[in-house]
Amino acid sequence: MRTPLILRLQVATTVAVAAMLCWPTTGQGQGASAASAASSSNANPYTRVSPWTPPPPPAGKKAITQDTYDEWRTISGSSLSNDGKWAVYTVSPVVGEGDLIVRSTSSATEYRVPRGYTGRPQLQASADSAAQFSAAAAQVSADSRFVVFTAYASRTDVERARSRRGTPAPRNGMGIVNLADGIVTRVPAVRSYRLARNGGRYLAYLLEDTTAQRPGQNGAAPATGQAVRDTTRPAAPRRETGTTLVLRELATGTEVRIDGVTNYTFDENEKWLGYTVTTRDGKGDGAYVRLLTGGAVTTLLAGRASYRGFAFDRKGEQVVFLSDVGDSTSRPKFSVYHASLVPAKGKAAAPIAARRIVAGTEAPEGLLIAERGRVDFTREGNAVLFALANVPMDSIPADSLADKAIYDLWHWQDTKIQPQQKLDAARDRNRTYLAVYHLSTGKWTRLANDSLQVTLSDDAKRALAVNSVEYAIPQFWGERGADVYLIDPMTGAKTLVAKKLRGQTQLSPGGSYVTWFDDGQWYAYATATGKKVSLTAAISSVKFQDEEFDSPDIPPPYGLGGWTTGDKRVLVYDRFDVWEVDPSGMVAARNLTDGEGRRAGLTFRVINLDREDRFLDPAEPVLLRAVDSLTKASGFYRDRLGVDSKPERIVMADRNFGNPQKARNAEQYLITQSTYREFPDLWTGGSLAGTSKISNANPQESQYPRGTVELVSWLNGDGIPLRGLLYKPENFDASKQWPMVVYFYEKLTDGLHSYVAPTGRNVVNPQVYNALGYLVFEPDIIYTDGQPGPSAAKAIIPGVQALIGKGFVDPKRVGITGQSWGGYQSAYLITVTNMFAAAVPNATVVNMTSAYGGIRWGSGLARAFQYEHTQSRIGGSLWEFPERFVENSPLFRLDRVTTPVLFMANDNDGAVPWYQGIEFYVGMRRLQKEAYMVTYNGDDHNPTKRANQKDIDKKMQEFFATKLLGAPPASWMVRGIPFLEKGRDQVRPTTTPATGTTNVRGPGGN
């Protein structure tokens, strides 16, 4: 075999040098021009390579099919009981019914409880569809004696309701597992449930109203002559009536029922149950607290009204809620009510009753207290937080615009363009503005408005406000900016902290400092004195922004790792290490990890096991997660604040450790760990160094072939070392030549130890493709500004040639594919090389000049920012660098393409405009080059409907099989699918015996 020549692509003054080259390859098309190769291909578009048969699969292994995908299981909602004796999680197949698993951490005791149809396929096309489903996590009582979970209907019941029009969806229930014996108590038709954070004696759950007709229940249309509401008048607010609340004592099963409840909650320490009641006839309406010891009920406020948002403070000593009681206007206004459950210091006990602290009439003109907005206490409990909202606009009667012009006006100085405004309309219509009521003064202040995004300190003494409105128009093309202020929550007075910051700014947990990153340095602003200091200027040995950043924008920082108690120290990341910094600037910074990260190539990051605590305790060891930048091994270390010592290794291995959980009241840990060959099952133990596996989610995986993955290295066209992942089949034989599929998306080598379940959609699944007889190569790419296409070519082509040079890759059987940004690069590559026998560039941009002026419909943003500053990496506008836009666009060199292509372009793609696929298709058709475009109607950038995912997976497999393995072409490749036959490939025809008439049935029958 000839050793392939590895060519270097050198860019001199312009990208055009690279763009005009056509890379040769070995085997395919040698010695022929692109034009003659295209002519030969067009003469017989179905000319195939000779049939290639992979070696037989390993003995005893099953073939991987699309049915295999659905049986693979995932683990979700994992947690530990507070005492660390139990691990709780849900196991669900991709399609099918799941189980709740309750497993002892110290023995083989395990309770498996059916949860119903938890693995539900997406049946509707659209990423934001309400049909997306995930099972809610189960909860363990605070005393670690019971597990409570939502129980779902069976698959049979769900599918029956879906298939029968007008049948209501099955209602959820609830299950209670007694950990003493595993006995399960089930309760049907439960809307929600609550457990107290501390305690564990009680459970409260709200029943569904089974008597009320649910929307669409009978499927009937309004009767003829039915009265129609006058749409010129605003609709009266609908009273939300309650249902039955059940208070259950878990140990005994004793229950108390309370009717008409709309909102309910426990205080954290399980002393009180608070709830509100709204009934149809108004009897019993009010806000109440029930003393759980003894059951005494206190009425906080009563009267026919609506009640919203009941909340306790963290100590369980006061409550707050909203009500419109006493307001009899057509649109009643809500007020804020507060009650103290304990007497004030030095005062005699008085009857508990709520008092109005903010009246609805006090809201500024044009605003009202948001009935469904935030209402709770600050963390310290010294102030009440509530929300203001705009007074709703009267709706325009549906028939009033019948003979009127209906249009959008795009104004050149709009802060947001019309598509953004449309997408944000619901949010803007329901926008709320934070306000704070100070219990010590009895006064309240509005903090937020249309321009200010506000963060309040835990004690309500300081507020951080960010205003980006002034920079909204430059943000249109990616130039970010925001002004930062401190607000005095007592008076509302603002103090400017910084102008036009491009990065995020934060308020420290204690409210003592504002921090931000700018011009390569971290800064801190003392909120008490206004003193500004650079936290990292004195540390000249390292950079605190991304050292590997390769986009035409300001490199982002590596971030902060947390604050110590009282805001005394802040932890700052560089690429590898963690620095302990004094935010006041008085004490010199020290390297917490003693430089060990940079010396060993380990990236250290802080793990906070107690997310309830805002601070890191300086007296306790700091837990660090470590990742080896070369081998991708991971593990955990510990270190100490304020002490000069190297980090101490706990565990490190060639696997991917997930972030650990720790039992709240015990030294017990729960963690996942995986490799490419090992599913991320759950492991537990008394230390991270000594864990045992307690789950086995996919015992069937040993029945299927699974290959190996390794890191491979080569030099790119500029002589820079690069790496990639090479996946080999389980029956790999290096003495044979194998077909190979190349898939990429910027950098994927961090996934070396990530488990891959067999599945299929618009990307390549290594396990599936290995089982089909392919090698899979995932090369990393580094970029030069203004040259995204040539950068990809200089990375990928030498990488492929390096593997061909090893002798086990058949140069005539190499395919390429990518999705989105990977799709663009795939499309670009086939215009500069003929080395690929097939290409699948999905959801690709082919014309940067037209894409630049388009809209990302999923966000409503103009696409300019991504070309000027982010992933597309052009580095400027179309008027600054017109040649870059043309030279990096595959469309303008489609005449050079000799590679057959299949690609997906969906008509509801919110990221890449559908018309990019049309331009690609029209160009290939005009040039009479082999191309197939698949459009999934109504679906998004990545197909969300399960059937669409499996269909594109199937078509990709069939296309590669024809072009790389020499298999016969699928029927859609030979004759297409005419519009009049649309959908018939998804059903099977049947013939009625008596008439011979052909009917159509779905795959499952009627």
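This section reports on the structure supplied with the text. Predicted model only: the values in this text are computed from it and were never measured. (Residues numbered from 1 in each chain as written. Predicted model: local features only at pLDDT ≥ 70, side-chain atom pairs only at ≥ 80, totals over all residues. Heavy atoms only, no water.)

Details of the pattern of salt bridges
In total, this model carries 52 salt bridges according to the counting rule given. The partner of Lys963 in a salt bridge is Glu930, with the nearest N and O atoms 2.8 Å apart. Residue Lys963 is found in helix H16 (residues 946–965), and its partner Glu930 is found in the loop between helix H15 (914–926) and strand E55 (931–934); the two are separated by 33 residues along the sequence. Accessibility assignment for this pair places Lys963 and Glu930 in one class, buried. Put simply, Lys416, Asp424, Arg427, Asp428 and Arg431 are held in one network by salt bridges that share partners. (Salt bridge = Lys/Arg side-chain N within 4 Å of Asp/Glu carboxyl O. Helix = DSSP H or I, 4+ residues; strand = E, 2+ residues; numbered from the N terminus. Buried < 20%, exposed > 50% of the residue type's maximum accessible area, 1.4 Å probe, protein only.)

Section: the sheet that holds strand E30 (residues 513–518)
On the basis of which strands lie adjacent, the open sheet formed by 4 strands has the order E29-E30-E31-E32 and antiparallel pairing. The strands lining the two open edges of the sheet, one partner per strand, are strand E29 (505–507) and strand E32 (532–534). Across the sheet, the mean angle separating the axes of adjacent strands is 20 degrees when strand polarity is ignored. Relative to E30, E29 runs antiparallel, the two being bridged by 3 bridges. The partner of Leu507 across the bridge, within E30, is Val514. (Pairing = 2+ DSSP bridges. Axes fitted to C-alpha atoms, helices over the stretch in contact; angles between N-to-C directions.)

Some thoughts on the pairing of strand E38 (residues 622–628)
A large share of E38 lies buried, amounting to 6 of its 7 residues. Sheet analysis places strand E37 (residues 602–607) next to E38, joined by 6 bridges and oriented antiparallel. Paired with Thr603 across the two strands is Val627, which belongs to E38. Pairing geometry for E38 and strand E39 (residues 634–639), over 6 bridges, is antiparallel.

Things to note about a nonpolar patch on the surface
Together, Trp914, Tyr915, Ile918, Tyr921 and Val922 make up a nonpolar patch on the protein surface, roughly 400 Å² of accessible area in all. Topologically, Tyr915 is positioned in helix H15. (Patch = residues over 30% accessible without salt bridge, like charges linked within 9 Å, V, L, I, M, F, W, Y side chains within 5 Å. Areas by Shrake-Rupley, 256 points an atom, 1.4 Å probe, with all protein chains shown as cover.)

Observations regarding the side chain of Asp681
Take Asp681: it is sitting in strand E44 (residues 681–687). Non-local contacts of Asp681, meaning those with residues more than four positions away in its chain, are made with Ile75, Ile671, Thr672, Gln673, Lys693, Ser695, Asn696 and Ala697. (Contact = heavy atoms within 4.5 Å.)

Topic: the nonpolar core
Counting 102 residues, the largest nonpolar core has Met740, Val742, Tyr769, Phe777, Val800 and Leu829 as the members making the most contacts within it. In terms of residue count, helix H10 (residues 788–804) provides more of this core than any other element does, 8 residues in total. The residues contacting Tyr769, other than those within four sequence positions of it, are Val741, Val764, Tyr774, Val776, Met956, Gln957 and Phe960. (Core = buried A, V, L, I, M, F, W, Y, C linked by side-chain atoms within 4.5 Å.)

As for the pairing of strand E9 (residues 190–195)
Taken together, the 5 bridges between E9 and strand E10 (residues 202–207) define a ladder with antiparallel strand orientation. Across the sheet, Ser192 pairs through a bridge with Leu206, a residue of E10. Connecting E9 to the next strand, E10, in antiparallel fashion are 6 residues, including Gly199 with a positive phi near 110 degrees.

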